[in-house]
Amino acid sequence: MSNTKPDDRPLFTYTIGGVKIEMPVRPYPSQVSMMDKVIRGCQRQQNCLLESPTGSGKTLALLCSALAWQKAEKARLEKLSEEEFQQSLIEWQQKEQQKKLKEKKQKKPNTPEKKLAETNISPAKNKGLCLPTAITISDDSEEEMAVFKQPGKKRKLNKSRDLDVSDEKSMSNDESIMTNDSSANNSLMTEDEDEKIAPQTGTNMPKKSRPVIPVIYFCTRTHKQIEQVIKELQRTSFNTAKSCVLASREHTCIQDSNIYYPQISYKSKTELCRDLLDPKARRRNSIKFRRTIDRCSYYDNGGVKISTYGQLAKFGVESVWDIEDIVRLGISKNSCPYYGTRLLLKTAEIVFCPYNYIIDPVIRNTMNLKLKGHVIIVDEAHNIEDQCREAASLQLDQTNMNLAKADCEKVYKSCSNSLSYSRLARYLSDLSKWIDQKSNDIKNYDDYNRGVVSWTGTYTIASFDDFGIGLTAFEKFKKDCETVLADSAEESEPDDTKMDTKENGENELVEKEDSDLVEKDENEAIENRSSQDNVDAAITNATKTLLSSICSVFSLLYDEKYKFDYHVSLEKIMELKKYDHKERNIKTTGIGGWINAAAQPDDSRPVWKNVISFLCLNPAAVFGELKSTARTIILTSGTLSPMQSFQSELGTQFPIALEAGHVIKPDQCWVSSVSVGPDGTDLNGQYRNINTYNYQDEMGKVLWDVCAAVPHGVLCFMPSYMLMEKLYNRWQVTGQLDRLRRIKVVMCEPRRGDQLEELMTKYYAAVRGDEKGPSGALFLAVYRGKISEGLDFSDNNARAVVAVGIPFPNYKDAAVTHKKDYNDKHHKNKGLLPGWEWYQIQAYRALNQALGRCIRHRNDWGAILLVDSRYEQPKNLSGLSKWIRGRVERNSSWSTIMAKLKTFVETRQHEDSIAALT
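Nothing here was measured: the structure is a model prediction, and the numbers come from that model.

*Asks:* Describe a nonpolar patch on the surface, listing the residues and the values that go with them.
*Replies:* Taken together, Tyr 445, Met 574 and Trp 608 make up a surface patch of nonpolar side chains, about 280 Å² in accessible area. Here Met 574 lies in strand β13 (residues 566–578).

Structural data, given as C-alpha cells:
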C-alpha cells in the first residue's frame, strides 16, 4: 500500500514480521526479501549473510528495515518498562500501606500534642504515596534548559501542566530531564513547595528504568561510501533519526597543521591534536622553541558547542549529517568536530563508520565503542575475512621497537614516579634481544639479501618462556601498558570520556581555570629558561600505537583457543638507509659556524633490518568477540559468493542467508566465456601460458575487437600488475598499443592510490568525448585494486567488462601458503574448508567484485566477457554470483562471440534512443 507524507512525497508502506516499513520508492522483490531477512535477524537475534547485486537497492533496504525494526523495538521496550514500573509501584504502595497499618496498630493512644501535630501535616505529604516517580518536562527553551545545567538552581513549574509519569510522548529528543520524588533536592519544585514538603528519606520508592535501545552500527569500507549511504538515508522517512559519523582527525580536525611551522612540523592531524591538548607536550615545546604554545582554540572542552542534536538543529544541521556538514559547522562555531561527534555518539540511534573501527580491537577500544546488545551491519563485507586476519596480525620492525624502548627509558629517567615505563623498556629490550638471537638462525639468503626463518605460534610461546619473556612477563607488560596508556589518555584528553552534557556550563568554567593555570605555568617556564628539557617528557604517539598493538595481538597469541592459529616469521634483509637530517633535526652548521660532518647530504649506508611478523590464520580470533557481544551481525555485499566459507572462517553461525537475483531484465546484460581469440590461440590464463608471445598478442587483438564494437568506456581486469605491465610493454613493441589508441584512450591503473583521482577525471572526460581524439576509453586494471572495489562505472563509463583469467592469490605469497596449510591441517577439527577450496573461493570473490562494475542500476546495460578457456568447464562457473552464473553463454568461436556482441550493443543503443524520445 502507499500513502503520502506532508511534503507530498509518496511512501510505500509494508508490514513485515509485525514491523511497519516505509520506503520512498516501490521496492523490488529483492529488496522485500532483504528487508524480511533483516527484520527476522534482528527479532530473533540471529546473524545474516545477505548478497544482493549492485544496483538492486541494497543500501535503501538495509536502512529502512533496520531503522523500522529499531523504532518498533523502542516502542516495545518502553511499553514493557512502563508496565514493569507500574507493577513495581503498585507493589511498593501495598507494602507501604501494610507497613503503616502495622505501625498504626503498634501505636499508643494519641496525646493532645500528637493530634495537634497531625493537623499541621501538609496535604501534599498525605498524597506522597501517589506521587509519580518520574516527571517528564518537554518543550523547554534553551534558557530554561540552562537552569538544569547549573547546580543549585531551581525552576518553577507551570501550574497548569499535568505531571503524569505515563505520558512519555512529551519527552524531548535530547535533553529531557527525569527526576525522582525520593530525591532530597527535587529541582522541579519551587522553593515554597520545598519548605512545605519534607523530603521522604528512608523510603524505597521504585525508580523507572530507561530501557537500552539497540543502536545500529552501519559499517562500510570508505568514507566516500559512507557519504553515499547517508544520501540514501536522507531521502527516507527515517531522515530524522539521530545519526553520527565516526571519522579520524585527518577528516574532522579543523586546526591548521602549520600553526607552529617552521619550528614544529606535524606529520599528521592526530599528532598535532594530541600535542596541543597535552599540557606536558605544550610546556615541553614552549621551553624548546622559546615561545608560547597555546591549547587548541577549537577544543572548547570537547566540542560541547556541537555535542547535542538540539544544538545541531538550532544551527540548521539536520540530525542525519555527513562529515562535511559537521566540519563546516565546527568552523563556523569554533568548536571541534572530532570531539563533538564523540559526544553525539552517546545518544546516536545509527552510527556510520569504516568497518575497521568495529573489527580492529585497538581502534575499537580507542574509540570506546561498546557493542553489547547492538546491531552491526557490515556493507561491502566480501573482504571481512582478510580484514579480521589483518586486525589480529602484527608486524614489528626491530628498529621501531628499539625507538619505543628508548622513548620509555627517556620518560623513566625524567620522571620520579615512572616504574611502569622502566618495566616497559625492559620488556621491549628483552624482546629485541630475542629477535637478535633468533636472527642468527637464518643461514640462507636470496638474491636480494633476504633471509627468513619461521615457527608455529606454540613454538614461539615456548621460546618466549625459555627467554624469560613468557606469559608471566607479558601479563606484567600488559598491566603496565594499560596504566601508561590510561595516564596518557587522561592527560591529553581529560574530558573526552568524563564529559556529561548536563555539566557543560560548570566544566567550561573549570576548563578555563585549568587553561589559565597551564598558560601561566608555560609562561613561567619560558621566562625561567629551565635547562631540564625532559621534566615533562612523554612517550610519542608511535610508541603508544606500538604498545597497544603488542598487547592486542599477544593477548590472542597467549589465548588457549587461538595459540595454534598463529604463524611467526622473522625476516632479515639488507637495505640502503638514507638519512633525512631535516627529520632528525640535525643542523648543517655546528657551533661557531663549523660544518657538521654528521649532516652531509650523501649520508646513506647499507644496514641489516629485522622484521618479525605474527600472522593470524584464523579470522575468528577477532570476529569471535564481535559475535559474543553484538545482538545481530548482518554481513552484506553485492558479491559475497561463494558464501560457504564465511561460517567456517569466522567461527559464527549465520542461520539467515540470501542470494538475491538482479533487478535488471535478461536482455540488459550479455555474458559469454571466451576460450580462443581471433587467431584461434588458446586463452588459458595459467602462468605458463600468459608468458608466451602468442597469448600476449592474442589478448591485444581481443581487446581491439571489443573496443571497436563497444562504444564509450571499456574496463579490462587482469590478475596482477605484473601481467598488465607485461602485456602493455609487449603491445608497445608490436604496435598493438598504437592501434588501440586510435579508437580508445588507453589508461592503466596506478599502483599508488593517490594518483588514481586525477586519472579517473581523465577517464570520465574521455568517455564523454570532452577532448578531440578517440571516442571512449579503455581502462586496464587489476583484480582487488581500487578500480574493482568501490568506484562507480555506471552507464557509458563501462559498457563492457573484459575479465582476463581467474584471479587466484599469489601462491608464492607466504601468507597464502601458510593459510592453505593451516586449513588443510584444521579443516576437520575446526570445520574449515580444505586449503584448495579456500584458495578457489578467494579467486572467485575477487572476480565477482570486478564483474559488479558493469551493471550499477536498474536501467544500466553492458557486456561481460570471461576470457579464459577454463570457463568451458562447468565447475569453473559455480563460483560466480547467482545473477551472472545463469547468463553465461559458451561460444566456441571468436567470430560468433563478436557477432553476438555487436548485435547486443546495437539493440541496446536502439532501446536507449527510443527511451530518450519518450
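*Asks:* A description of unusual backbone geometry should follow, citing residues and the corresponding values.
*Replies:* The phi torsion of most residues other than glycine is negative, and most of the peptide bonds are trans. Located in the positive-phi region is Arg 290, a residue other than glycine, with phi close to 55°. Structurally, Arg 290 is set in the loop between α10 (279–289) and α11 (300–303). With phi around 55°, Glu 380 is a residue other than glycine that occupies positive phi space. Summarising the element assignment, Glu 380 is placed in the loop between β10 (375–378) and α17 (384–391).

*Asks:* An account of the sheet that holds strand β18 (residues 713–718) is needed here, citing residue identities and associated values.
*Replies:* Reading across from one edge, β19-β20-β18-β21-β22-β17-β23 is the order of the 7 strands in this open sheet, with parallel pairing throughout. Taken across any chain shown, the strands that pair with only one partner, and hence form the sheet edges, are β19 (745–748) and β23 (888–890). Each neighbouring strand pair of the sheet contributes to a mean axis angle of 20°, computed without reference to strand direction. When strand β17 (residues 669–674) meets β23, the two strands line up parallel, connected through 3 bridges. Bridge pairing in β23 places Val 671 opposite Val 888. Across the sheet, helix α29 (residues 721–734) lies against β18, β19 and β20 (777–782), angled at about 140° from β20, the strand it touches most.

*Asks:* Break down the packing of aromatic side chains for me, with residues and values.
*Replies:* Applying the stated criterion across every chain, the model contains 22 aromatic pairs. Their ring planes at 20° and their centres at 5.9 Å tell us that Phe 808 and Trp 836 sit as a pair that is stacked. Taken together, the positions of Phe 808 in the loop between β21 (800–804) and α33 (814–826) and Trp 836 in helix α34 (residues 835–851) put the pair 28 residues apart, joining distant regions of the chain. Ring-pair connections join several aromatic residues into one group, and the members of that group are Tyr 427, Trp 434, Trp 455, Tyr 459, Phe 464, Phe 474, Phe 477, Phe 554, Tyr 558 and Phe 614. In this structure, Arg 730 packs its charged tip against the face of Tyr 693, placed 3.9 Å from the ring centre. Between the NZ or CZ atom of Lys 820 and the centre of the ring of Tyr 839, over which it lies, the distance is 4.5 Å.

*Asks:* Can you break down the pattern of salt bridges residue by residue, with the values?
*Replies:* Enumeration according to the criterion identifies 29 salt bridges in this entry. For the salt bridge of Lys 58 with Asp 379, the shortest nitrogen-to-oxygen distance reads 2.8 Å. Taken together, the positions of Lys 58 in helix α2 (residues 58–106) and Asp 379 in the loop between β10 and α17 put the pair 321 residues apart, joining distant regions of the chain. A relative accessible area of 9% places Lys 58 in the buried class. Here Asp 770 and Arg 768 are joined by a salt bridge, their closest N and O atoms 2.7 Å apart. With a relative accessible area of 47%, Asp 770 lands in the partly exposed category. Owing to a relative accessible area of 56%, Arg 768 belongs among the exposed residues under this scheme. Salt bridges linked by common partners bring Asp 386, Arg 389, Glu 649 and Lys 819 together as one network.

*Asks:* Before we move on, could you go through the sheet that holds strand β9 (residues 350–354) and cite the residues and values that matter?
*Replies:* Pairing within the open sheet is parallel, and its 7 strands lie in the order β8-β9-β7-β10-β15-β4-β16. The open sheet has two edge strands, β8 (243–245) and β16 (656–659), and neither has a second partner. With strand direction ignored, the average angle separating the axes of adjacent strands in the sheet is 15°. Relative to β9, β8 is paired through 3 bridges, and the arrangement is parallel. Each residue of the ladder has a partner; that of Ser 243, found in β9, is Ile 350.

*Asks:* Any details on the packing of α29 against helix α30 (residues 736–743)? Residues and values, ideally.
*Replies:* Close contact between α29 and α30 brings their axes to 5 Å; oriented N to C, the two are set at 95°. When the interaxial angle is binned, α29 and α30 end up roughly perpendicular. Of α30, the residues touching α29 (which contributes Tyr 728, Trp 731, Gln 732 and Thr 734) are Gln 736, Leu 737, Arg 739, Leu 740 and Arg 741. Residues belonging to the contact of α29 with α30 are distributed by class as follows: 4 nonpolar, 3 polar and 2 charged.

*Asks:* Which residues make up the environment of Phe 315, and what values do they have?
*Replies:* Position of Phe 315 among the secondary structure elements: in the loop between α12 (309–314) and α13 (323–333). Classification of Phe 315 by relative accessible area gives partly exposed; the value is 29%. Along the primary structure Phe 315 and Lys 333 are separated by 18 residues, whereas in three dimensions their C-alpha atoms are 9.2 Å apart. Residues within four places of Phe 315 in sequence aside, it is in contact with Lys 305, Leu 329 and Lys 333.

*Asks:* Explain the nonpolar core residue by residue, including any values.
*Replies:* With 141 residues, the main nonpolar core has Phe 352, Ile 376, Phe 477, Phe 554, Phe 614 and Leu 635 as its most contacted residues. Among the elements that line this core, the one with the most residues is α2, at 9 residues. Ignoring sequence-local partners within four residues, the contact set of Phe 554 consists of Leu 394, Tyr 427, Leu 431, Phe 464, Phe 474 and Phe 614. Met 699, Leu 703, Val 714 and Phe 904 belong to the second-largest nonpolar core, a separate cluster that totals 40 residues.

*Asks:* I'd like a description of the confidence of the model for the chain, backed by residues and values.
*Replies:* When pLDDT is averaged across the chain, the result is 80; 80% of the residues are at 70 or more. This model gives residues 112–202 a pLDDT under 50, and the stretch forms 115 contacts once residues within four places in sequence are excluded.

*Asks:* How would you explain helix α7 (residues 223–234) if you had to name every residue and give the values?
*Replies:* Because each turn of an α-helix spans 3.6 residues, side chains separated by three or four positions end up pointing in the same direction. Taking 1.5 Å of rise per residue, 12 residues should cover 16 Å, and α7 covers 16 Å from first to last C-alpha, within 8% of that figure. Every buried residue belonging to α7 is among His 223, Gln 225, Ile 226, Glu 227, Val 229, Ile 230 and Leu 233, and all of these are buried. At its buried positions, α7 is contacted by α2, β7 (216–220), β8, α8 (249–252), α13 and β9.

About the criteria used
- Residues numbered from 1 in each chain as written.
- Predicted model: local features only at pLDDT ≥ 70, side-chain atom pairs only at ≥ 80, totals over all residues.
- Heavy atoms only, no water.
- Patch = residues over 30% accessible without salt bridge, like charges linked within 9 Å, V, L, I, M, F, W, Y side chains within 5 Å.
- Areas by Shrake-Rupley, 256 points an atom, 1.4 Å probe, with all protein chains shown as cover.
- Salt bridge = Lys/Arg side-chain N within 4 Å of Asp/Glu carboxyl O.
- Helix = DSSP H or I, 4+ residues; strand = E, 2+ residues; numbered from the N terminus.
- Pairing = 2+ DSSP bridges.
- Axes fitted to C-alpha atoms, helices over the stretch in contact; angles between N-to-C directions.
- Contact = heavy atoms within 4.5 Å.
- Phe/Tyr/Trp six-rings, centres within 6.5 Å; stacked < 30°, edge-to-face > 60°.
- Lys NZ or Arg CZ within 6 Å of the ring centre and 35° of its normal.
- Buried < 20%, exposed > 50% of the residue type's maximum accessible area, 1.4 Å probe, protein only.
- Parallel < 35°, antiparallel > 145°, perpendicular 65-115°, else oblique.
- Nonpolar A, V, L, I, M, F, W, Y, C, P; charged D, E, K, R; others polar.
- Core = buried A, V, L, I, M, F, W, Y, C linked by side-chain atoms within 4.5 Å.
- pLDDT = per-residue confidence, 0-100.
- Expected span 1.5 Å × (residues − 1).

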